[in-house]
Amino acid sequence: MLKGKRISIVGGGTMGRALAGGLLKSGKVETGQLVASARSRNTAERLAADLGIVCTTDSAEAVRGSDIAILCVKPKDVQKAVETLKGKGALDHRPLLISIAAGISTAFIEERAPEGVPVVRAMPNTPCFIGKGMTVVSKGIHANDEHTALAREIFSTMGRTLELEEKHMDTVTGLSASGPAFIYVIIEALADGGVMRGLPRSVALELASQMTLGAAEMILTTGRHPAALKDDVTTPAGCTIAGILALEDGRIRSVLARGVETAARVAGDLGK
Ligand SMILES: NC(=O)c1ccc[n+]([C@@H]2O[C@H](COP(=O)([O-])OP(=O)(O)OC[C@H]3O[C@@H](n4cnc5c(N)ncnc54)[C@H](OP(=O)(O)O)[C@@H]3O)[C@@H](O)[C@H]2O)c1
């Protein structure tokens, strides 16, 4: 699907670099198909040297020759980036425009791009860096199923993908994009429990991390409800149910759910 497609990445920062690296590593895209841009010469030169792709400080030049342009700039920089591309005629050929900016709607971009440019919004997360990411895509009014399929093909080089209606995107941001940070806090806290009981810190962290990985894989590979899997582990009068009751005393469920809800609300405010 990506064969022969020319792809530009506007904003070669943390996410842009991960995306370019993932695409190249997957073998679905060759270096000649990929071009990136950054604001400063320093970032552009570093990216070009590290990945062996063309990287320029002129985003219009990068996008003009591409079939797909992926906007990887900060939310506050999206407006200027799109208006500059439009002003320089770089979107006149109506490339597929994919934005990963949190809180920025497809409508916001469509209003600033030339009429008819297909826009797809995507929300990846940082585990994309190691090919274990989760990316959700949704289409704007000028994008069709082929466009979302192309976007999913791009992000599938870095993990799982899913398509949802755009009304869910801020919630997706609060859950799967902010979520890794929530899990890091939980893993650190679980390890603290092990350290309190005398485990060396490195051992406690390894146990907590591998256990988290395994538990998540159990849900994804068996398709069973987490409550049923939890019931499997809780022997009557056993240690696990004792630990769960202590967690419930601390209102762990509502604390985590409210964390996602709050992050989603703030994500929605980023574009305002
Ligand atoms: N980090 C995450 O977990 C995550 C997850 C999902 C989505 N996102 C989204 O990903 C986007 C990028 O985040 P990030 O963490 O990668 O930010 P970042 O590291 O700051 O990278 C942004 C890049 O954009 C470049 N830039 C700014 N304005 C530009 C312009 N007009 N033309 C070309 N390049 C321009 C900057 O260049 P210079 O380096 O030269 O200044 C920088 O390299 C954000 O919108 C964020 O919401 C992030």
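Residues numbered from 1 in each chain as written. Predicted model: local features only at pLDDT ≥ 70, side-chain atom pairs only at ≥ 80, totals over all residues. Heavy atoms only, no water.

Draft legend 1. Structural view of the sheet that holds strand 3 (residues 54-56). One open sheet holds the 8 strands; their spatial order is 3-2-1-4-5-6-7-8, and the pairing between them is mixed. Each edge of the sheet is formed by a strand with only one pairing partner; in this case those strands are strand 3 and strand 8 (159-163). Within the sheet, the average angular offset between the axes of one strand and its neighbour, ignoring direction, is 20 degrees. (Pairing = 2+ DSSP bridges. Helix = DSSP H or I, 4+ residues; strand = E, 2+ residues; numbered from the N terminus. Axes fitted to C-alpha atoms, helices over the stretch in contact; angles between N-to-C directions.)

Draft legend 2. Structural context of the site of the ligand. For the ligand, the set of nearby residues contains 24 residues, the closest of which are T14, M15, S40, T43 and V73. In this structure, an oxygen atom belonging to the ligand sits 2.7 Å away from a side-chain N or O atom of T43. The separation between an oxygen atom of the ligand and a polar main-chain atom of P75 is 3.5 Å. Judged by its atoms lying within 2 Å of the grid points, the ligand is housed in the second largest pocket. For the shell around the ligand, the secondary-structure elements that each account for two or more residues are helix 1 (14-26) and helix 4 (75-87). Examining the composition of the shell around the ligand, we find that 3 residues originate from one element, helix 4, more than from any other. Each residue belonging to the shell around the ligand can be placed in one class, and the counts come to 12 nonpolar, 9 polar and 3 charged. (Near = heavy atom within 4 Å. Polar contact = N/O pair within 3.5 Å; in protein donor to acceptor, adjacent residues only side chain to side chain. 1 Å grid on protein atoms, 1.4 Å probe; cavity = no way out; pocket = protein on both sides within 12 Å on 5 of 7 lines; lining within 4 Å. Sits in = over half its atoms within 2 Å of the grid points. Nonpolar A, V, L, I, M, F, W, Y, C, P; charged D, E, K, R; others polar.)

Draft legend 3. Molecular detail of the domain arrangement of the protein. What the domain assignment lists for the protein is domain 1 (7-170) and domain 2 (179-270). In this structure, domain 1 and domain 2 have C-alpha centres spaced 33 Å apart. Every contact between the two is made by 7 residues of domain 1 and, on the other side, 7 residues of domain 2. The contact between domain 1 and domain 2 buries some 580 Å² in all, and 60% of this surface belongs to carbon and sulfur atoms. Among the residues of domain 1 in contact with domain 2, G103, R160 and D170 are the three that bury the most area, contributing 55% of the side total. (Domains from an automatic or database assignment. Contact = heavy atoms within 4.5 Å. Buried area = accessible area lost by both parts, 1.4 Å probe.)

Draft legend 4. Representation of the layout of surface pockets within the structure. Here the largest pocket is characterised by a volume of approximately 2700 Å³. I183, T212, A215, A216 and I219 are the residues nearest the centre of the largest pocket, which is lined by 50 residues in total. Breaking the lining of the largest pocket down by element, the ones donating at least two residues are strand 7 (133-139), strand 8, helix 7 (169-177), helix 8 (179-196), helix 9 (201-222), helix 10 (226-233), helix 11 (239-249) and helix 12 (252-270). It is helix 9 that contributes the most residues to the lining of the largest pocket, 10 residues altogether. Here the residues of the lining of the largest pocket are counted per class, giving 34 nonpolar, 10 polar and 6 charged. (Points joined across faces, edges and corners; volume = space filled by probe spheres on them.)

Draft legend 5. View of the environment of A151. With respect to the helices and strands, A151 occurs in helix 6 (residues 145-155). Between the C-alpha atom of A151 and that of E163, which follows or precedes it by 12 residues, the distance is 9.7 Å. Excluding anything up to four places from it in sequence, A151 contacts I98, V120 and V137.

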